[in-house]
Amino acid sequence: MKTRITELLGIQHPIIQGGMHFVGLAELAAAVSNAGGLGIITGLTQGTPEKLAKEIARCQGMTDKPIGVNITFLPTLTPPDYPGLFQVIIDAGVTVVETAGNNPAQWLPMLKDAGIKVIHKCTAVRHALKAQTIGCDAVSVDGFECGGHPGEDDIPNFILLPRAADELSIPFVASGGMADGRSLVAALALGADGINMGTRFIATREAPVHDNVKQAIVAASELDTRLVMRPLRNTERVLTNPAVERLLEKEKALGAALKFEDIIEEVAGVYPRIMQKGDMDAGAWSCGMVAGLIHDIPTVQELIDNIMAEAGSIINERLRSFA
Ligand SMILES: Cc1cc2nc3c(=O)[nH]c(=O)nc-3n(C[C@H](O)[C@H](O)[C@H](O)COP(=O)(O)O)c2cc1C
């Protein structure tokens, strides 16, 4: 299947693995790229340019296919060494960067000069248009369903994707709620050029996270995610657990007076405990509603092959029968 995204990124299938904190390590990114998609290493999980350079080299040792690096711009008082992180990405010959969290304009000249394709992750059409205007090569349009940060507009992908298709001229991938061949065909029908998946890729054999995380996703239904940090205008979709329920009680009790410090125990530094140690009640961790569609833990190759096979049969059989 050729789309504007496969052509732009030089990949076989229009399937991207979005950056994921403490999940997007070399093993997963290499597995996705080897299976014909685009695997993405999560830059901030490494934190420093030195560690990121090592992780990219480790990944390049496992695949000779294109890989990407996600750089998320966080609203922190002590920002990471962004110039250093971008420099090691360039020096390593990485061909794709996924940016998220804030406008990447100031970094585009150095990335463009290095021939890197930039995909900016957006949760609103206005942000996607801005990304197009400043020169991003593509956007990832993340609907309200998505795991992680869906923004504050709450527009699901059935509306957001055709709105994006009506407005954008650059390629875009549908992100949030994507799991299988049905998702891919639906995304293409709504105007996208491919899909980006987060949660679905965590429940794979190669995802370098504790088995408890994978089992939690398989056990969860579409009713089991919650939105946290809305009062801070930093909304995150997470899988519910006792820590999340406690966090939501605090939000209710404190209302508009809520500050980040009030919920620090439930959100700060919890990822290593959850993803590496499998301590599932340690705090809030991103997970999409798509958990309701995830019932197995295949290899990445099986997952991607199944998506492409199912998409092919939907297009050639089910849809053709209506034509
Ligand atoms: C555990 C987890 C961690 C994530 N961490 C990041 C991150 O650090 N940076 C980022 O841009 N997106 C992050 N995301 C969002 C994903 O890249 C992707 O956009 C999202 O998961 C798509 O929705 P889906 O989960 O329904 O597939 C994360 C998602 C999950 C599930």
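Residues numbered from 1 in each chain as written. Predicted model: local features only at pLDDT ≥ 70, side-chain atom pairs only at ≥ 80, totals over all residues. Heavy atoms only, no water.

Asks: Before we go on, may I ask you to explain the packing of helix α7 (residues 125–134) against helix α8 (residues 157–167) in this structure?
Replies: Two measures define how a pair of helices packs: the angle their axes make with one another and the distance between the axes. With their axes 10 Å apart at the nearest point, α7 and α8 run at an angle of 35° to one another. When you trace α7 past α8, the crossing you get is right-handed. Counted together, V125, L129 and Q132 of α7 and L160, R163, A164 and E167 of α8 form the full contact between these two elements. (Axes fitted to C-alpha atoms, helices over the stretch in contact; angles between N-to-C directions. Helix = DSSP H or I, 4+ residues; strand = E, 2+ residues; numbered from the N terminus. Left-handed = near helix turned anticlockwise from the far one by under 90°. Contact = heavy atoms within 4.5 Å.)

Asks: Even after reading the chapter, I still don't get unusual backbone geometry, so can you show me in this structure?
Replies: It is generally the case that most residues other than glycine have a negative phi and that most peptide bonds are trans. With a phi close to 65°, F22 is a non-glycine residue in the positive phi region. With respect to the helices and strands, F22 occurs in the loop between β1 (15–17) and α2 (26–34). By relative accessible area, F22 is classed as buried at 15%. One non-glycine residue, M229, lies in the positive phi region at around 65°. Inspection of the secondary structure assignment puts M229 in the loop between β9 (225–228) and β10 (236–239). (Buried < 20%, exposed > 50% of the residue type's maximum accessible area, 1.4 Å probe, protein only.)

Asks: Just to check I follow, could you spell out a nonpolar patch on the surface for this structure?
Replies: Among the surface-exposed residues, M1, I315, L319 and F322 lie close enough to one another that they form a single nonpolar patch of about 360 Å² accessible area. Counting through the fold element by element, M1 comes out in the segment before α1 (4–9). Given a relative accessible area of 38%, M1 falls into the partly exposed group. (Patch = residues over 30% accessible without salt bridge, like charges linked within 9 Å, V, L, I, M, F, W, Y side chains within 5 Å. Areas by Shrake-Rupley, 256 points an atom, 1.4 Å probe, with all protein chains shown as cover. Salt bridge = Lys/Arg side-chain N within 4 Å of Asp/Glu carboxyl O.)

Asks: How should α8 be read in this particular structure?
Replies: Each α-helix turn comprises 3.6 residues. Residues three or four places apart therefore point the same way. Here α8 has its buried residues at N157, L160, L161 and A164. Considered in projection along α8, the buried side chains sweep an arc of 95° and stay on one side of the axis. Exposed side of α8, more than 90 degrees from the buried face: F158 and D166 are the residues found there. Taken together, the buried residues of α8 touch α7, β6 (138–142) and β7 (172–175). (Arc of directions from axis to C-beta.)

Asks: Looking at this structure, I do not really get the nonpolar core. What am I missing?
Replies: The nonpolar side chains of a soluble globular protein tend to be buried, and buried together. Core analysis: the biggest nonpolar cluster contains 82 residues, and F86, I89, V139, F201, M275 and W285 have the highest contact counts within it. Top element by residues in this core is helix α15 (residues 300–322). It accounts for 7 residues. In contact with M275, not counting residues within four places along its chain, are H21, F22, V23, V209, H210, V213 and W285. Listed in part, the 10 residues of the second largest apolar core include L38, I40, A138 and V173. (Core = buried A, V, L, I, M, F, W, Y, C linked by side-chain atoms within 4.5 Å.)

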